[in-house]
Amino acid sequence: METTKEAGLNEKIISFVIKALTTRWRTLRDRYAKERREIEVSQRSGAEPTDYTPWEYSDQMDFLKDHVSRRATTSNYDTGTKELANMVEEYLEVEEGTPEPPRSSMSKKRKADVLDDKMSAVLDRFMDEQTQLRHTHFAQLVNAKLSAMPIDKANRLEAAILNILYTVEED
């Protein structure tokens, strides 16, 4: 029969072995995930050739392939900015197709100035579209609220809104 001292020692040994095995397992798993990423990067279109040497345990660790995958990422790049980027690209494509009028030597602009002017025009157009979109959403909201009201109450509210609009317009 084991003494309490031997039992305590066995528990410490088991605890040590479990920690060592857990650490080793994580190391192997992380290394496999890193190898998979390197393979993905090296196989992308346009990737430069590399002197990639496969990890010696890759084949044995392939059972993890379905479990070690890249997580979906999020971005702080909002859709409004994406729309602006698309508009800039479209605008610049259109602008490249149109010939520039000849300039005198006094009116030559630096390329950066020309690009700034183009970007300002695109931004102005984007802001106008965003304002129109905001007004459209407001009108849809008002429409939904008026539609849910009894007709006599909706008519009075509609008249009050129009009265406010005409009053503001006169100022």
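Attention in this report is confined to the structure presented alongside it. Computed from a predicted structure; not experimentally measured. (Residues numbered from 1 in each chain as written. Predicted model: local features only at pLDDT ≥ 70, side-chain atom pairs only at ≥ 80, totals over all residues. Heavy atoms only, no water.)

A look at the overall build of the protein chain
Phase 1 of the analysis: A tally of helices and strands in the protein chain yields four helices and zero strands.
Phase 2 of the analysis: Excluding contacts between residues fewer than 6 apart, the proportion of contacts in the protein chain whose partners are at least 24 apart in sequence is 61%.
Phase 3 of the analysis: For the protein chain, the exposed surface amounts to about 15200 Å²; the carbon and sulfur share of it is 55%. (Helix = DSSP H or I, 4+ residues; strand = E, 2+ residues; numbered from the N terminus. Contact = heavy atoms within 4.5 Å. Areas by Shrake-Rupley, 256 points an atom, 1.4 Å probe, with all protein chains shown as cover.)

Comments concerning a nonpolar patch on the surface
Phase 1 of the analysis: On the surface, Leu 9, Ile 13, Phe 16, Val 17 and Leu 21 cluster together into a nonpolar patch covering about 520 Å² of accessible area.
Phase 2 of the analysis: Within the element layout of this structure, Val 17 appears in helix H1 (residues 4-42).
Phase 3 of the analysis: Residue classification places Val 17 among the partly exposed positions, given a relative accessible area of 40%. (Patch = residues over 30% accessible without salt bridge, like charges linked within 9 Å, V, L, I, M, F, W, Y side chains within 5 Å. Salt bridge = Lys/Arg side-chain N within 4 Å of Asp/Glu carboxyl O. Buried < 20%, exposed > 50% of the residue type's maximum accessible area, 1.4 Å probe, protein only.)

Brief notes about the packing of aromatic side chains
Phase 1 of the analysis: Under the criterion given, the structure shown has two aromatic pairs.
Phase 2 of the analysis: Plain terms: the ring middles of Trp 25 and Phe 63 are 6.4 Å apart, the flat faces sit at 25° to each other, and that makes the pair stacked. Here the residue Trp 25 occupies a position in helix H1, and Phe 63 occupies one in the loop between H1 and helix H2 (79-97), the gap between them amounting to 38 residues.
Phase 3 of the analysis: Residue Trp 25 is classed as partly exposed on the basis of its relative accessible area, which comes to 37%.
Phase 4 of the analysis: Centre to centre, the rings of Trp 55 and Tyr 57 are 5.6 Å apart; their planes meet at 80°, and the pair counts as edge-to-face. (Phe/Tyr/Trp six-rings, centres within 6.5 Å; stacked < 30°, edge-to-face > 60°.)

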